[in-house]
Amino acid sequence: MATVNRTTSAPPQQNNTTRGTDLAKNQIAYGQIRDKVQRRLLTELSPTVSAENTELVRRTLERIFNEVLLEEGLPLSRSERNELFEQIVADVLGYGPIEPLLNDDTVTEILVNGPDQVYIERDGILRETDLRFRSNAEVLRIIERIVSPLGRRVDEISPIVDARLPDGSRVNVIIPPLSLVGPCISIRKFAKSALTVEDFVRLGSFTKEMGEFFNACVTARLNIVISGGTSTGKTTLLNVLSSFLPATDRILTIEDAAELRLHQAHVVRMESRPPNVEGKGEVTIRQLVINSLRMRPDRIIVGEVRGGEALDMLQAMNTGHDGSLTTAHSNSPRDTLHRVETMVLMAGMDLPLRAVREQIASAFDVIIHLERFSDGSRKITQVSEVQGMEGDIVVMQDIIRYVQTGVQDRRVQGYFTATGVRPKFADKMDAMGIFVSPTMYVPITRKAGR
């Protein structure tokens, strides 16, 4: 398979100088071969065959490819032939220039900014690749290949589309005239195997003791909100916390794009649905949350609250459906409460602000906040308890904090410490026989370990 550091318009550099062929000068010839192969394929196969029998298409492509190379007389080494052939296969059956990126497990995000810019995220760091599309039309063809199997369309009437690849990767598309740089594709990939608590500890996202504490919180049926900015690992952490749920519980998951991978036996997964090409058939997160209350849930997990469903989520948490989990975009635990207030008001209910805050204070027990640092690492920076109301203010108290001490060899240095406050819900844990070491709440007064 071709590597990342190449373009679709330029072939790999020639290593055998004795053949006297500078392949960098044969860009036009390469493009002509590719176009010629694709035109012949279209004349030989019906447009639906590629979706029905990819192996037949690949065999036909290989035959046509060899015939065209023989006709053109372009000297190629075995590796160059293989690379060009895989490019053509990706153009016809896959996702064109970004196909190698989708097959690269180290790449977590793929960002196409028109035909001339392709960025990737690897190890939490964004970097530009040498990949290029030939034109806006080629980017649009890849977009069409992504959305058409889902019954969606992208045009001037619907220039923004959220979709999902067969492997579960989340895709956002925006095209001109809204995008001024050409058609844009944003793909968030997900690991083939879900991260575990041990992985988070190894990566320095939290400590082993914190993992045991989170296990106790989930077992004690506390309502937990995971907050953070974009790409801080909220859904990944939600998946880890979900692994602590008892196998005996009936668990309902509600998501925009199905990302959670729960291994318990009794899990009902639900996914919202956008409107079809006629603007009908939409099913929102809020509708699914309301419906979930009629399905006898023990636990409700909402992938992310971002609108009016926040009100229904609060009502569920306050009416016996404790032990629920969700995520929210925010810059801090306190900001999370403000965001939820705003989302509740988006539900269209004419509620006094104090009533909304009382609902929040009663519903939420713990907010776990994540941040992404300059070195690409993700860490839990605050674990806060929602303690109740004082006047018109929701009272919060940090239980654990991350203290950054500096940067060494471009890696963020710091340590996790308790604040010295024993949370109010510790009494609930004690009553349920859930043990948490008292040292969990003892602060570290100097840098230790990490």
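Residues numbered from 1 in each chain as written. Predicted model: local features only at pLDDT ≥ 70, side-chain atom pairs only at ≥ 80, totals over all residues. Heavy atoms only, no water.

*Asks:* Can you explain the packing of helix α11 (residues 309-317) against helix α12 (residues 333-345)? Please cite residues and give values.
*Replies:* Packing of α11 against α12 brings their axes to within 6 Å, and their N-to-C directions diverge by 105 degrees. Considered as vectors, α11 and α12 are oriented roughly perpendicular to each other. Note on element contacts: α12 touches α11 through V340, M343 and V344, opposite A310, L311 and L314. Tallied by class, residues from the contact of α11 with α12 come to 6 nonpolar, no polar and no charged. (Axes fitted to C-alpha atoms, helices over the stretch in contact; angles between N-to-C directions. Helix = DSSP H or I, 4+ residues; strand = E, 2+ residues; numbered from the N terminus. Parallel < 35°, antiparallel > 145°, perpendicular 65-115°, else oblique. Contact = heavy atoms within 4.5 Å. Nonpolar A, V, L, I, M, F, W, Y, C, P; charged D, E, K, R; others polar.)

*Asks:* Hey, could you go over the nonpolar core for me, with residue numbers and the actual values?
*Replies:* Ranked by internal contacts, the top residues of the largest apolar core, which has 42 residues, are F213, F214, L241 and M429. Among the elements that take part in this core, helix α8 (residues 208-219) stands out by supplying 6 residues, more than any other. Ignoring anything within four residues of it in the chain, the contact list for M429 reads F213, A216, C217, A220, L222, I434 and V436. Core analysis: the second largest hydrophobic core is formed by 31 residues, L337, A363, V386 and V394 among them. (Core = buried A, V, L, I, M, F, W, Y, C linked by side-chain atoms within 4.5 Å. Buried < 20%, exposed > 50% of the residue type's maximum accessible area, 1.4 Å probe, protein only.)

*Asks:* Before we move on, can you summarise the confidence of the model for the protein chain with the specific residues and values?
*Replies:* Confidence in the prediction of the protein chain, expressed as mean pLDDT, is 85, and 90% of residues score 70 or more. Scored below 50 in pLDDT, residues 1-25 makes 50 contacts in the model with residues more than four places away or belonging to other chains. (pLDDT = per-residue confidence, 0-100.)

*Asks:* Describe in detail the side chain of R250, supporting the description with residues and values.
*Replies:* Along the chain, R250 turns up in the loop between α9 (234-242) and β8 (251-255). No salt bridge is formed by the buried R250; the nearest opposite charge belongs to D298, separated by 6.8 Å. At a separation of 2.7 Å, a polar atom in the side chain of R250 contacts the main-chain carbonyl oxygen of M295. For R250, the side chain forms a polar contact with the main-chain oxygen of R296, separated by 3.4 Å. Leaving out residues up to four positions away in the same chain, R250 has contacts with H266, V268, M295, R296, P297, D298 and R299. (Lys, Arg positive; Asp, Glu negative; His and termini not counted. Salt bridge = Lys/Arg side-chain N within 4 Å of Asp/Glu carboxyl O. Polar contact = N/O pair within 3.5 Å; in protein donor to acceptor, adjacent residues only side chain to side chain.)

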